[in-house]
Amino acid sequence: MLPSDVCGVNCFWEAAFRYNYLKTQPSETVHLAVVACGERLEETVTMLRSAIIFSIKPLQFHIFAEDQLHESFKDILDNLPYEGKVNYTLYPITFPSEGEKEWKKLFKPCASQRLFLPLILKDVDSLLYVDTDILFLRPVDDIWSFLRKFNSTQIAAMAPEHEEPRIGWYNRFARHPYYGVTGINSGVMLMNMTRIRRKYFKNDMTTVRLRWGEILMPLLKKYKLNITWGDQDLLNIMFFHNPESLYVFPCQWNYRPDHCIYGSNCKEAEEEGIFILHGNRGVYHDDKQPTFRAVYEAIKNYSFGDDLVHSLLQPLELELQKTVHTYCGRVYEVFIKQLKKSIRDLSVRRSKGS
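Residues numbered from 1 in each chain as written. Predicted model: local features only at pLDDT ≥ 70, side-chain atom pairs only at ≥ 80, totals over all residues. Heavy atoms only, no water.

**Student:** Please set out unusual backbone geometry residue by residue, giving values where relevant.
**Tutor:** Phi is positive for R281, which is not a glycine, with a value near 65 degrees. As for its placement among the helices and strands, R281 is situated in the loop between β12 (276–278) and α12 (290–301). What makes R281 exposed here is its relative accessible area of 51%. (Helix = DSSP H or I, 4+ residues; strand = E, 2+ residues; numbered from the N terminus. Buried < 20%, exposed > 50% of the residue type's maximum accessible area, 1.4 Å probe, protein only.)

**Student:** I'd love a proper account of the confidence of the model for the protein, names of residues and values included.
**Tutor:** Segments scoring low in pLDDT should not have their predicted coordinates read at a detailed level. Here the protein averages 90 in pLDDT, and 92% of its residues register 70 or above. Every residue in residues 1–26 scores below 50 in pLDDT, and together they form 49 contacts with partners more than four places removed in sequence or on other chains. (pLDDT = per-residue confidence, 0-100. Contact = heavy atoms within 4.5 Å.)

**Student:** Summarise the side chain of R197; cite the residues concerned and give the values.
**Tutor:** Within the secondary structure, R197 sits in helix α8 (residues 193–198). Although R197 is buried, it forms no salt bridge, and the closest oppositely charged side chain is D125 at an N-O distance of 5.6 Å. Separated by 3.1 Å, the side chain of R197 and the backbone oxygen of L121 make a polar contact. If sequence neighbours within four positions are ignored, R197 has contacts with P118, L121, K122, V124, D125 and R211. (Lys, Arg positive; Asp, Glu negative; His and termini not counted. Salt bridge = Lys/Arg side-chain N within 4 Å of Asp/Glu carboxyl O. Polar contact = N/O pair within 3.5 Å; in protein donor to acceptor, adjacent residues only side chain to side chain.)

**Student:** If you had to explain the pattern of salt bridges to someone new, which residues and values would you point to?
**Tutor:** Taken as a whole and judged by the stated rule, the model has 21 salt bridges. In this structure, D142 and R138 form a salt bridge, with 2.7 Å as the shortest nitrogen-oxygen distance. Residue E319 is joined to K322 by a salt bridge in which the shortest nitrogen-to-oxygen separation is 3.0 Å. The class for E319 is partly exposed, based on a relative accessible area of 37%. Here the residues in one salt-bridge network are E42, E297 and K300, joined through shared partners.

**Student:** For the environment of V324, give the residues involved together with the corresponding values.
**Tutor:** Note that V324 resides in the loop between α13 (308–321) and α14 (333–351). Taking C-alpha positions, V324 is 9.6 Å from P290, a pair spaced 34 residues apart along the chain. In this structure, V324 is in contact with G329, R330 and Y332, ignoring residues within four places of it in sequence.

Next up, the structure:
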């Protein structure tokens with residue numbers, strides 16, 4: 001990465017210093033992005049492992065990480081048995097020179113990097129961004145398929161921040177516009193980035209519509225004293241003014257502690273199980289929500305090639321049965337309902353040699 005004063009403001013978009021390790025030459029690929037800083041190495045690798053276990057199509061990981069984490073990522077990922085379906089690229093954490101310090105410290109270190117993915121990954125048509133604390137309990141291919149459900153105006157897909165307005169954060173506390181009734185959560189964000197780059201966004205700063213790269217800094221300047229959750233709040237503001245551009249998927253695609261710690265309130269998960277688990281609030285690493293931690297530990301400790309039923313599912317179910325004294329533990333079946341199906345489906349695919 002050249003110094004900003006050498007190549008000017010736009011040098012950020014040319015962030016050319018990256019490591020590229022190719023494992024396959026896929027004809028059709030799911031692109032998955034994550035941003036990792038600080039103590040997030042293990043968590044990020046566990047998320048990537050969950051994506052690898054069940055996915056069908058080839059995967060391209062775009063991993064944005066602090067420089068000191070690159071070698072660790074390389075050492076770990078190069079030793080995972082990909083079964084010939086994974087490529088990965090490591091990128092440095094980079095922000096535009098205008099407002100660089102503000103972007104870096106917004107909400108959590110590096111968190112706002114996701115806002116700039118459409119501008120950095122210029123050659124990527126579509127992308128699934130996830131937080132490091134995500135676990136896939138079914139193939140990534142399935143959420144990727146929502147891209148085909150977008151209508152002509154939709155550019156991104158996210159889940160609501162809350163299902164129950166009485167415990168919602170945005171509708172009770174936000175000091176800025178937000179999408180819909182309870183806002184949206186950006187921990188799982190599916191993007192048609194070609195459309196994002198082309199779109200001109202309505203906004204409350206000017207009568208002129210602005211493109212993605214033009215709207216981010218003015219939004220931050222206007223709302224920086226009024227936002228709590230950083231880049232997620234900025235996304236809520238953008239889609240408040242452009243609601244026709246968002247596809248909203250159900251809560252089981254971004255299932256968080258809030259969906260069960262106050263009583264179960266994600267009906268889709270109750271019916272079909274959790275598809276994507278989002279362990280925000282650090283619940284994978286403390287004892288406050290043992291159901292979430294049990295799933296995380298099971299996937300983290302699973303050895304590729306071992307029988308998924310005996311090495312992952314059965315030990316996990318035993319651990320989950322120990323959590324029934326908690327609100328989330330009372331509905332522990334939703335944590336394994338889809339997982340059981342994913343394992344069965346994978347077994348069928350393997351038996352057919354696909």
